[in-house]
2 protein chains.
Amino acid sequence: MADCNALPLIILSEKFAKLPGIGMKTAQKLAYYVMKMDEQEAEDLANAIIDAKKTVHSCSCCQNLTEFEICPICSDKSRDTSVICVVESPKDVSAFERTREYNGLYHVLHGLLSPMEGITPEFIRVKELLARLGQGNIKEIIMATNPTVEGDVTARYIATLINPLGIKVSRIASGLPVGGALEYADEVTLYKALENRNEMK
Amino acid sequence: MADCNALPLIILSEKFAKLPGIGMKTAQKLAYYVMKMDEQEAEDLANAIIDAKKTVHSCSCCQNLTEFEICPICSDKSRDTSVICVVESPKDVSAFERTREYNGLYHVLHGLLSPMEGITPEFIRVKELLARLGQGNIKEIIMATNPTVEGDVTARYIATLINPLGIKVSRIASGLPVGGALEYADEVTLYKALENRNEMK
């Protein structure tokens, strides 16, 4: 289609459209918006992209994203270093931190096992997790991957690797979300809620 | 909230969240996605933003966005220079060009009059339109602003300015969208469709 607009705008729209969840229409809207920004604002956005890409990398210990060699959580002396909570991605770390209830360490896998898609253990940060078990005094690994097929498979796989080492492996509970209603829960969630029931004393 | 993630990522998320239609959640998702891009891709995106911002400006004639002094439509010798279609924004030009039916010129107002929001004629490109009327041989101005209150007010205002100059001013038709169904049309559209009915011969 011969678009009557400027080529740099078309190129920018195409770049925006490559971002997840952004279709061609939204990408065009964003490109037009950039034209309305003042020059400094547009430059700030561009620099933020380059800056994040250049300075942020995986923490050499827990693999969470950080601009430091060792991330603030791993280097925080007040945290309980005997527990590691294993998650799929950096945003899961943010989610747990928001609860303000967990004081242990994390390990970010950067993916989940998915044999169907060819994602085998070497594609996620499993060996980095195993390497951490040798150091220090780790007592428990909490598998906090999502309660999906891939999340469960990954949790089970890692449990199989770690169990023989004499370290406790646990899995986060599945059940009804707090504030949720029974009638809207799907069957599997309801079954899990029943199965994981706790005694009331 | 003490976010456990890297500061450059938080900054990038905040920049993304300033874009229209992008909330904080989506902005974070985009920032994480940038981390997954390879370095060249991220640089290309950043450069596309700067490049579009630096090279694209308004055509000195029709005010549409272009990287040239005079846009390709204004400098196209095969187009009918006696008709100017007046639209609100550059994306409206794209919309008309997609029909492949219009062969005249355009004028982009970059906004609509809105006395409530303080947008008076000096904030939109009205005087640039009037300046064009003196040059060449313009026979018709088609007011193609949206059929909204602001679009109608703007069309009426410009018609009042141009009518005394002896140049024909027309307004695009309102009515049922092609392929639309009567039962889903709102009352005003239906009334307009009735009012603008055409004789069938």
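Residues numbered from 1 in each chain as written. Chains lettered and ligands numbered in written order. Predicted model: local features only at pLDDT ≥ 70, side-chain atom pairs only at ≥ 80, totals over all residues. Heavy atoms only, no water.

Novice: What's the story with the overall build of chain A in this structure? I'm lost.
Specialist: Scanning chain A from N- to C-terminus turns up 7 helices and 6 strands. Computed over C-alpha atoms, the radius of gyration of chain A comes to 22 Å, more than 25% over the 17 Å expected from 2.2 N^0.38 for 201 residues, which places it beyond the range of a compact globule. Once the C-alpha set of chain A is aligned to its principal axes, its extents read approximately 70 × 45 × 35 Å. Evaluated residue by residue, chain A yields a buried proportion of 40% over its 201 residues. Here the analysis covers contacts within chain A between residues at least 6 apart in sequence; of these, 48% occur between residues at least 24 apart. Carbon and sulfur atoms make up 55% of the accessible area of chain A, which totals about 11,600 Å². For chain A, the distance from the average site of its 22 positive side-chain charges to the average site of its 27 negative ones is 4 Å. (Helix = DSSP H or I, 4+ residues; strand = E, 2+ residues; numbered from the N terminus. Rg over C-alpha atoms; globule rule 2.2 N^0.38 Å. Buried < 20%, exposed > 50% of the residue type's maximum accessible area, 1.4 Å probe, protein only. Contact = heavy atoms within 4.5 Å. Areas by Shrake-Rupley, 256 points an atom, 1.4 Å probe, with all protein chains shown as cover. Lys, Arg positive; Asp, Glu negative; His and termini not counted. Charge placed at Lys NZ, Arg CZ, Asp CG, Glu CD.)

Novice: I'm lost on the packing of helix α1 (residues 7–17) of chain B against helix α2 (residues 24–36) of chain B in this one. Help?
Specialist: For any two helices packed against each other, the geometry comes down to the angle between their axes and how far apart the axes lie. Residues and elements named next belong to chain B. In contact at an axis separation of 8 Å, α1 and α2 are set at 125° when each is read in the N-to-C sense. One way to sum up the angle between α1 and α2 is to call them oblique. The two elements α1 and α2 meet at a crossing, and its hand is right-handed. Contact with α1, carried on its side by L9, L12, S13, E14, F16 and A17, involves M24, A27, Q28, L30, A31, Y32, V34 and M35 of α2 and no other residues of that element. By residue class, the composition of the contact of α1 with α2 is 11 nonpolar, 2 polar and 1 charged. (Axes fitted to C-alpha atoms, helices over the stretch in contact; angles between N-to-C directions. Parallel < 35°, antiparallel > 145°, perpendicular 65-115°, else oblique. Left-handed = near helix turned anticlockwise from the far one by under 90°. Nonpolar A, V, L, I, M, F, W, Y, C, P; charged D, E, K, R; others polar.)

Novice: Would you explain the domain arrangement of chain A in this entry?
Specialist: The domains assigned to chain A are domain 1 (7–55) and domain 2 (77–199). The distance between the C-alpha centroids of domain 1 of chain A and domain 2 of chain A comes to 35 Å. (Domains from an automatic or database assignment.)

Novice: How do you make sense of the relation of the copies chain A and chain B when you look at a structure like this?
Specialist: Put simply, the second copy of the chain is the first one after a rotation about an axis and a shift along it. Least-squares fitting of chain A to chain B yields an RMSD of 0.1 Å, with the transformation described by 0.0 Å of translation along the axis and a rotation of 180°. The superposition of one copy onto the other is thereby described by a two-fold rotation axis. In terms of proximity to the rotation axis, the leading residue of chain A is A46 of chain A, whose C-alpha is 2.1 Å off the axis. Most of the interface of chain A is mirrored in chain B: 98% of its interface residues are interface residues there too. (Least-squares fit on C-alpha atoms with pLDDT ≥ 70 in both.)

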